[in-house]
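Observations on chain architecture
Residue-level listing of the chains:
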Amino acid sequence: MRQTRYIFVEGINGSGKSTTATFLTNYFAEHKIPARFLPEGGKGNPLRVAASLPHPFQIWRDITADEFVRTSVRKWEGFVNAARHSNAVTICDGLLFHGNMMDLLLLNAKPEAVQSYIKDVVSVLRELNPVLIYLYQDDVANALRRTATTRGDEWISIQARWKLSSPYGRERGLDQIEGSDLPGFGGLVRLLTEFRSLSEAIAAELPIPVLRIDNTAGAWREYYENILNFLELPVNGHYAEGVR
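Attention here is on the structure that accompanies the text. (Residues numbered from 1 in each chain as written. Predicted model: local features only at pLDDT ≥ 70, side-chain atom pairs only at ≥ 80, totals over all residues. Heavy atoms only, no water.)

Here the focus is the sheet that holds strand E4 (residues 131-136). With parallel pairing, five strands are arranged side by side in an open sheet as E2-E3-E1-E4-E5. Here the strands that pair on one side only, and so sit at the sheet edges, are strand E2 (35-38) and strand E5 (210-214). Adjacent strand axes in the sheet meet at a mean angle of 15° when their direction is disregarded. Direction of pairing for E2 relative to strand E3 (residues 89-93): parallel, over a ladder of four bridges. Following the sheet pairing, Ala 35 is matched in E3 by Val 89. (Pairing = 2+ DSSP bridges. Helix = DSSP H or I, 4+ residues; strand = E, 2+ residues; numbered from the N terminus. Axes fitted to C-alpha atoms, helices over the stretch in contact; angles between N-to-C directions.)

This is how it looks when you write it as structure tokens:
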């Protein structure tokens, strides 16, 4: 396979990043390739800054953007130090963009500061030869609705309450945007659209291999074949069919 020990799977909510990361984890297990799945959040996550703060859904009460960057980079450095003692491939659901970068954006960091932060993370990971699989969704609103279908409308409300009340959201009036039966839905669409644009700009300049897949059409067999080819892994009938 491609010489990498860190695979980022990225995209907005509803783009299929969690499903794709799970697909790869299962593929690696089936082919007896040492690997581990790392979710974007949860208690004990070694890389998510918010998980270690007193107010993980209101991080602006605990930390500044500059402090966030320093804390995050230290976490990545610790992760790489530990990874030196293992040959396992980490398959990461987010955490380059989704998760940590979103939190930094909510702190109202300037785009150039966010871009500099991502470059620092990639530089720290250099010896693991990281790669990025970026899943692009053309229709942000539809992707959010699809996520709400599986996680429930309450998930939209929870996301809106903490993200739209952030310094980023308040400065732009995202909590005042209407246009849906679900409170906060319009603001979340605007936030994710802006987040997607910044992610796209950063991904285009990353000094690592990047596979960008527009998966709006939902042709998952083709997408999984492209991903396996990108990773220089065998494509066989079972996995080419995908798991969605």
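Having seen the structure, we can now continue with the description.
This paragraph deals with the environment of Lys 32. In this fold, Lys 32 is placed in the loop between helix H1 (17-30) and E2. Under the relative-accessibility criterion, Lys 32 is labelled exposed at 71%. Considering only alpha carbons, one finds Lys 32 and Pro 111, 79 residues apart in sequence, at a separation of 41 Å. (Buried < 20%, exposed > 50% of the residue type's maximum accessible area, 1.4 Å probe, protein only.)

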